[in-house]
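Fold and geometry: a report
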Amino acid sequence: MLLIRGTAGGTALTGTLYEPGEEPPEFNGAPDEGTPYVWVCDAFYEVESGGQVQSIGGREIRIAFESPMPRGFETRDAAIEAAKEHVRTQFARLGVAGETVDVTVQQAETA
């Protein structure tokens, strides 16, 4: 299991990439069982009212969360690249330039 984390503007977003042999969470919309790599991460966007207040880059904004959209991939490289792009896109939806997002990939510690 890999954790793919983007940081920018004083906040972070982390998603999980499940690799072959690991069991991703099961919920409505999950990809077919035959997919060897499954990416799961929150998605969000800025709203005028409601939502959750978050401080990003010195400004407070309100964000609303969407249901996670798991995506399946055939290769590890394709999954990691899509995960990095997803993280950058979420920050861009909040007005943070994608090139300013620092994305790291690390092996999750297992118990």
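All chains use their own residue numbering, which begins from 1 and follows the written sequence. Predicted model: local features are reported for residues with pLDDT of at least 70 only, side-chain atom pairs are reported and counted for 80 or more only, and whole-chain, interface and lining totals are derived from all residues. Each side-chain value is derived from all of the structure's non-hydrogen atoms; neither hydrogens nor water enter the calculation.

1. Re the overall build of the protein
Short version of the rule: Segments assigned H or I by DSSP are reported as helices when at least four residues long, segments assigned E as strands when at least two residues long, and all are numbered from the N terminus. For a compact globule the rule gives 2.2 Å times the number of residues to the power 0.38, and the radius of gyration it is set against comes from C-alpha atoms. Burial classification: accessible surface area is computed with a 1.4 Å probe over protein chains only, and a residue below 20% of its type maximum counts as buried, one above 50% as exposed, and the rest as partly exposed.
If you tally the helices and strands in the protein, you get one helix and eight strands. Reading the secondary structure of the protein in the N-to-C direction produces β-β-β-β-β-β-β-α-β. Taken against the 2.2 N^0.38 rule, which gives 13 Å for 111 residues, the C-alpha radius of gyration of the protein at 15 Å falls within 12% of a compact globule. Taken over the C-alpha atoms alone, the protein extends approximately 40 × 30 × 25 Å along its principal axes. Looking at the protein as a whole, 35% of its 111 residues are labelled buried.

2. Let's talk about the pattern of salt bridges
Inclusion rule: One speaks of a salt bridge when a side-chain nitrogen belonging to Lys or Arg is within 4 Å of a carboxyl oxygen belonging to Asp or Glu.
Counted under the stated rule, the structure contains four salt bridges. A salt bridge links Arg76 to Glu19; the shortest N-O distance between them is 2.6 Å. One end of the pair, Arg76, is in helix α1 (residues 76-92); the other, Glu19, is in the loop between β2 (11-18) and β3 (37-40), and 57 residues separate them in sequence. For Glu46, the salt bridge goes to Arg59, with nearest N and O atoms at 3.8 Å. Linking Glu46 in strand β4 (residues 43-47) with Arg59 in strand β6 (residues 59-66), this pair joins segments that are 13 residues apart in sequence. Using a relative accessible area of 37% as the deciding quantity, one classes Glu46 as partly exposed. Taking the relative accessible area as the measure of exposure, Arg59 reaches 37% and is therefore partly exposed.

3. Quick look at the confidence of the model for the protein
Condition: On a range of 0 to 100, pLDDT expresses the predictor's confidence in each residue.
Here the protein averages 89 in pLDDT, and 93% of its residues register 70 or above. In the model of the protein, strand β5 (residues 52-56) stands out as the element of lowest mean pLDDT, 90, in contrast to strand β8 (residues 102-107), which has the highest, 96.

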